[in-house]
Amino acid sequence: MRAPRRGAGRLVHPTPTDRMTQLDRLRNISIIAHIDHGKSTLADRMLEICGAVDPRDMRAQYLDSMDLERERGITIKLQSVRLDYRDHVINLIDTPGHVDFGYEVSRSLAACEGVILVVDASQGIEAQTLANCYLALENDLEIVAALNKIDLPAADPDTYAAEIESVLGIPADEILRISAKTGEGVDDLLGAVIDRIPAPEGDADAPLQGLIFDSHFDQYRGVVSSIRVVNGHLRTGTRMRFMQAGATHEAIEVGVRTPANLPVASLGPGEVGYLIAGIKDVGEARSGETVTEAARPAGEPLSGYQDPKPMVFCGLYPVDGDEFEDLRESLEKLRLNDSSFTYEPETSGALGFGFRCGFLGLLHMEIVRERLEREYDLNLIATAPSVEYRVVRDDGHEIVIDNPADLPDPGTIEQVLEPYLRTTIITPSTYTGALMDLCQSRRGEMVKMEYLSPERLELQYRMPLGEVVMDFFDQLKSRTQGYASLDYEPVGYEPADLVKVDILIAGEPVDAFSSIVHKDKSYEYGKKMVDKLRELIPRQQFDVPIQAAIGSRILSRQTVKAYRKDVTAKLYGGDVSRKRKLLEKQKEGKKRMKNLGRVEVPSEAFISALRLED
Ligand code: GTP
């Protein structure tokens with residue numbers, strides 16, 4: 001590969017069509033790293049060393065394109081970039097760094113022959129990184145390990161190299177030591193990638209088989225997919241068959257990212273690039289989809305296609321009922337870009353019209369909600385997160401519910417099953433006691449406890465997902481000062497003693513506050529909600545009882561005392577216009593009120609009452 005030339009202040013890249021990339025000069029890699037261990041910074045250094053970005057255009061975390069990602073400092077959507085390095089081409093495929101997006105990690109690994117494992121030399125390997133490394137090993141990928149941040153005074157590369165050797169079997173003396181910040185060792189790391197990671201293999205003459213590992217929606221160009229060609233050629237202008245979706249599309253543009261999009265005539269086996277095919281919905285070009293030629297289709301799709309399944313659900317309602325249609329439109333638009341969340345209309349007695357939405361996890365839920373509020377200018381109320389329960393009725397029928405309101409009458413239920421996880425926690429050993437308490441209080445059963453080194457250990461628990469979605473992650477972080485890390489995987493359903501706790505305001509159940517909880521925790525939950533609501537509901541013209549109940553059994557009760565609120569009372573005399581003005585203002589305020597029977601509750605009370613962390 002020729003080095004990039006600079007022309008008129010712009011980098012001009014030799015296109016791969018100048019000369020087909022030879023397979024043995026190609027390397028396809030991902031970086032596996034825990035959040036904050038320096039993956040984006042390392043990618044920035046690699047882009048610089050390989051001359052992919054003009055230094056004047058360089059900004060930190062070049063590959064994190066979404067605003068929200070930059071702000072939160074986490075990678076959510078995958079990006080890939082083609083780098084020229086010492087006569088070789090390295091395709092660097094980004095992976096998201098959060099447990100919610102494990103599915104996307106597995107997709108990007110499917111497009112690689114090797115990974116760079118980046119571990120913070122002052123922290124050591126974390127739970128999810130370890131899980132992703134196991135995944136890489138299962139897929140026969142080569143791992144090049146690097147300890148990052150060796151410039152930090154707290155860095156202890158020897159200890160953590162030994163730890164990596166003991167958990168992953170990578171010899172400590174093969175683990176590189178780098179600083180993504182200063183650039184030290186990054187050149188050697190790229191050298192190790194060329195030397196140690198195998199080149200892709202593929203049959204250039206076979207029918208096309210390409211793996212889509214990411215898609216996003218572009219307002220002007222429709223769906224832009226990232227694709228790895230496994231066999232054959234993907235050529236601009238050909239008609240292609242999407243094997244799993246069963247649709248046919250034309251390859252309008254095929255190209256590589258340098259990181260700017262650079263159209264090419266074709267991508268050969270082993271190559272990674274992008275594909276634009278005039279598709280309007282990312283759901284039709286999902287990660288895991290196999291693309292082949294319509295005229296000469298491959299016999300089999302590539303393996304491993306699997307729909308990401310939502311695990312966490314909640315209702316989203318506009319604070320102002322008039323914004324329902326806006327919310328629908330915004331959800332439609334957002335879904336063009338993220339086919340892993342689901343939504344369907346639902347009605348709540350308390351909150352009006354809204355949508356029941358499903359997400360991959362809590363962070364995913366927060367991100368979708370934040371994008372709706374920020375990018376689409378909506379004000380939303382989100383109900384408490386819930387999971388999918390399987391309910392076996394006494395007539396033998398089984399139904400699946402994700403909304404507490406849909407739980408049938410307890411008298412007709414034979415059994416309720418809830419989803420379980422195997423959670424893996426890696427923590428400094430000083431917090432072991434605190435974490436065991438936390439896991440036990442969340443109905444966890446210990447499966448494994450193993451020291452990684454004298455100071456750090458791995459804990460495994462079986463735990464209900466329903467307990468994990470209730471601020472477990474925040475608790476884990478706060479009880480360990482942020483040092484513990486978490487990974488989880490679903491391990492099926494188990495029967496549990498679950499009940500629905502209703503909250504009644506002035507005798508009326510408020511559906512938005514109902515929750516399915518374990519029987520042993522029902523009192524605690526009921527009392528917490530009742531106490532919280534007593535603080536949040538303003539006084540009315542009459543006493544307002546607030547109760548928590550299971551069926552007709554009352555668990556807890558509080559009363560908001562009556563109070564006569566007359567905003568004009570203090571206006572003695574006859575300033576009519578001022579009086580009118582105040583009444584107008586009060587009317588405006590009422591728009592943001594929700595009526596529960598006779599009781600008026602400000603929308604803010606709903607938002608606060610449903611907030612998890614309180
Ligand atoms: P995600 O995008 O969330 O996965 O995080 P990341 O792994 O990409 O981490 P990022 O590159 O954003 O780095 C996290 C923090 O560590 C940033 O403040 C970086 O400046 C800092 N950092 C990264 N590499 C180094 C390093 O080698 N030395 C020092 N001192 N700081 C570093």
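Treat the numbers as computed from the prediction; the structure is a model and nothing was measured.

Visitor: Would you take a moment to explain the pairing of strand 32 (residues 544-550) for this structure?
Guide: Along a regular strand, successive side chains alternate from one face of the sheet to the other. The buried fraction of strand 32 amounts to seven of the seven residues, a majority that puts the element mostly inside the structure. Judged from the four bridges that link them, strand 29 (residues 498-505) and strand 32 form a sheet pairing that is antiparallel. Within the sheet, the bridge partner assigned to Ile505 lies in strand 32 and is Ile546. Sheet topology note: the strand 32/strand 33 (residues 553-560) ladder contains seven bridges and is antiparallel. Considered in strand 33, the bridge of Ala549 is made with Ile554.

Visitor: Could you clarify how one ought to interpret helix 5 (residues 157-168) in this entry?
Guide: For an α-helix the count is 3.6 residues per turn, leaving residues at separations of three or four pointing the same way. Taking 1.5 Å as the rise per residue, helix 5 with 12 residues should run 16 Å; its terminal C-alpha atoms sit 16 Å apart, in good agreement. Every buried residue belonging to helix 5 is among Pro157, Tyr160, Ala161, Glu163, Ile164, Val167 and Leu168, and all of these are buried. When helix 5 is viewed along its axis, its buried side chains cluster within an angular range of 160° and face the same direction. Residues of helix 5 that are exposed and point over 90 degrees away from its buried face: Asp158 and Ser166. Buried-residue contacts for helix 5 involve strand 6 (114-120), helix 4 (127-138), strand 7 (142-148), strand 8 (176-177), strand 26 (445-453) and strand 27 (456-464). Phi for Gly169, located one or two positions after helix 5, is positive at around 75°.

Visitor: How should I be thinking about the pattern of salt bridges in this particular structure?
Guide: Pairing between side chains of opposite charge can happen when the charged atoms of each approach one another. Taken as a whole and assessed by the stated rule, the structure comprises 29 salt bridges. The closest approach of N and O atoms between Arg228 and Glu113, which form a salt bridge, is 2.9 Å. With a gap of 115 residues between them, Arg228 in strand 10 (residues 222-231) and Glu113 in the loop between helix 3 (102-109) and strand 6 connect regions that are remote in the sequence. Each of the two residues, Arg228 as well as Glu113, counts as buried. Notably, a salt bridge pairs Glu535 with Arg534, separated by 3.8 Å at the nearest N-O pair. Residue classification places Glu535 among the exposed positions, given a relative accessible area of 62%. Since its relative accessible area comes to 36%, Arg534 is described here as partly exposed.

Visitor: Where do I start with the packing of helix 12 (residues 522-536) against helix 14 (residues 603-610) in this structure?
Guide: Between helix 12 and helix 14, whose axes approach to 10 Å, the crossing angle comes to 150°. Overall, the two elements helix 12 and helix 14 adopt an arrangement that is roughly antiparallel. Crossing hand, helix 12 versus helix 14: right-handed. Of the residues in helix 14, those in contact with Met529, Lys532, Leu533 and Leu536 of helix 12 are Ala605, Ser608 and Ala609.

Visitor: Would you mind going over the packing of aromatic side chains with me for this structure?
Guide: The way to describe two aromatic rings as a pair is by their centre distance and the angle between their planes. Counted under the stated rule, the structure contains six aromatic pairs. Members of the aromatic cluster, connected to one another through ring pairs, are Phe324, Phe341, Tyr343, Phe353, Phe355 and Phe359. In this arrangement the basic side chain of Arg390 is found over the ring face of Tyr493, its NZ or CZ atom lying 4.7 Å from the centre.

Visitor: What should I look at first to understand unusual backbone geometry in this one?
Guide: Note: most peptide bonds trans; most residues except glycine with negative phi. Look at the link from Thr258 to Pro259: it is a cis peptide, with omega at 0°. When you line up the elements, Pro259 lands in the loop between strand 14 (253-257) and strand 15 (261-264). Positioned with a positive phi, Asp36 is a non-glycine residue whose angle comes to about 75°. With respect to the helices, strands and loops of the structure, Asp36 is situated in the loop between strand 3 (26-33) and helix 1 (39-49). Phi at Asp377 is positive, roughly 55°, even though this residue is not glycine. Locating Asp377 in the fold gives a position in the loop between helix 8 (362-375) and strand 22 (380-382).

Visitor: I'm lost on the sheet that holds strand 7 in this one. Help?
Guide: Strands belonging to one sheet form pairs held by backbone hydrogen bonds; the direction of such a pair is parallel or antiparallel. Reading across the sheet, the six strands line up as 4-5-3-6-7-8 and stay open at both edges, with mixed pairing between neighbours. In this open sheet, the two strands that pair with only one neighbour each are strand 4 (80-85) and strand 8. Judged from the six bridges that link them, strand 4 and strand 5 (residues 88-93) form a sheet pairing that is antiparallel. Looking at the pairing, Ser80 lines up with Ile93 of strand 5. Set on the sheet, helix 1 makes contact with strand 3, strand 4, strand 5 and strand 6; between it and strand 3 the angle comes to about 150°.

Visitor: Explain the confidence of the model for the chain to me, please; I cannot follow it from the model alone.
Guide: Detailed reading of predicted coordinates is not advised where the pLDDT is low. The pLDDT averaged across the chain works out to 84; a share of 84% of its residues lies at or above 70. Low confidence marks residues 1-19, where pLDDT is under 50. Its contacts with residues over four positions away, or in another chain, come to 45 contacts.

Visitor: What's the story with the sheet that holds strand 20 (residues 342-348) in this structure? I'm lost.
Guide: Read from one edge of the open sheet, four strands run 20-21-19-22, paired in antiparallel fashion. Looking at strand neighbours, the two that pair on one side only are strand 20 and strand 22, the edges of this open sheet. On average, each strand axis in the sheet is tilted by 30° relative to the strand beside it, whichever way the strands run. As paired strands, strand 20 and strand 21 (residues 352-359) are joined by seven bridges and run antiparallel to one another. Note that in strand 21 the partner of Tyr343 across the bridge is Cys357.

Visitor: I tried to follow the pairing of strand 12 (residues 239-242) on my own but got confused; where do I start?
Guide: The alternating pattern of strand 12 places Met240 and Phe242 on a buried face, while none of Arg239 and Arg241, on the opposite face, is buried. Pairing analysis gives four bridges linking strand 12 to strand 13 (residues 247-250), with the strands arranged antiparallel. Its bridge partner being in strand 13, Met240 is matched across the sheet by His249. As defined by bridge partners, strand 12 adjoins strand 18 (residues 290-293) across three bridges and the pair is classed as antiparallel. Pairing of Arg241 across the sheet is with Thr292, part of strand 18.

Visitor: What exactly am I supposed to notice about the nonpolar core here?
Guide: It is characteristic of soluble globular proteins that their nonpolar side chains tend to be buried jointly. By size, the foremost hydrophobic cluster in this structure holds 45 residues, and its most contacted members are Leu372, Ile425, Leu435, Phe472 and Leu476. Excluding anything up to four places from it in sequence, Leu372 contacts Leu316, Leu327, Ser330, Leu331, Leu334, Asp377, Leu378 and Leu380. Grouped together as the second largest cluster of nonpolar side chains are 32 residues, Ile381, Phe513, Phe542 and Ile550 included.

Visitor: Mind showing me how you'd approach helix 12 here?
Guide: Taking 1.5 Å of rise per residue, the 15 residues of helix 12 would be expected to cover 21 Å, and the 21 Å separating its terminal C-alpha atoms lies within 8% of that figure. When helix 12 is considered as a whole, its buried residues turn out to be Ser522, Tyr525, Gly526, Met529, Val530, Lys532 and Leu533. Take helix 12 and look down its axis: the buried residues cluster within an arc of 165°, on one side only. Within helix 12, the exposed residues directed more than 90 degrees away from the buried face are Glu524 and Glu535.

Reading guide: rules and limits
Residues numbered from 1 in each chain as written. Predicted model: local features only at pLDDT ≥ 70, side-chain atom pairs only at ≥ 80, totals over all residues. Heavy atoms only, no water. Buried < 20%, exposed > 50% of the residue type's maximum accessible area, 1.4 Å probe, protein only. Helix = DSSP H or I, 4+ residues; strand = E, 2+ residues; numbered from the N terminus. Pairing = 2+ DSSP bridges. Expected span 1.5 Å × (residues − 1). Arc of directions from axis to C-beta. Contact = heavy atoms within 4.5 Å. Salt bridge = Lys/Arg side-chain N within 4 Å of Asp/Glu carboxyl O. Axes fitted to C-alpha atoms, helices over the stretch in contact; angles between N-to-C directions. Parallel < 35°, antiparallel > 145°, perpendicular 65-115°, else oblique. Left-handed = near helix turned anticlockwise from the far one by under 90°. Phe/Tyr/Trp six-rings, centres within 6.5 Å; stacked < 30°, edge-to-face > 60°. Lys NZ or Arg CZ within 6 Å of the ring centre and 35° of its normal. pLDDT = per-residue confidence, 0-100. Core = buried A, V, L, I, M, F, W, Y, C linked by side-chain atoms within 4.5 Å.

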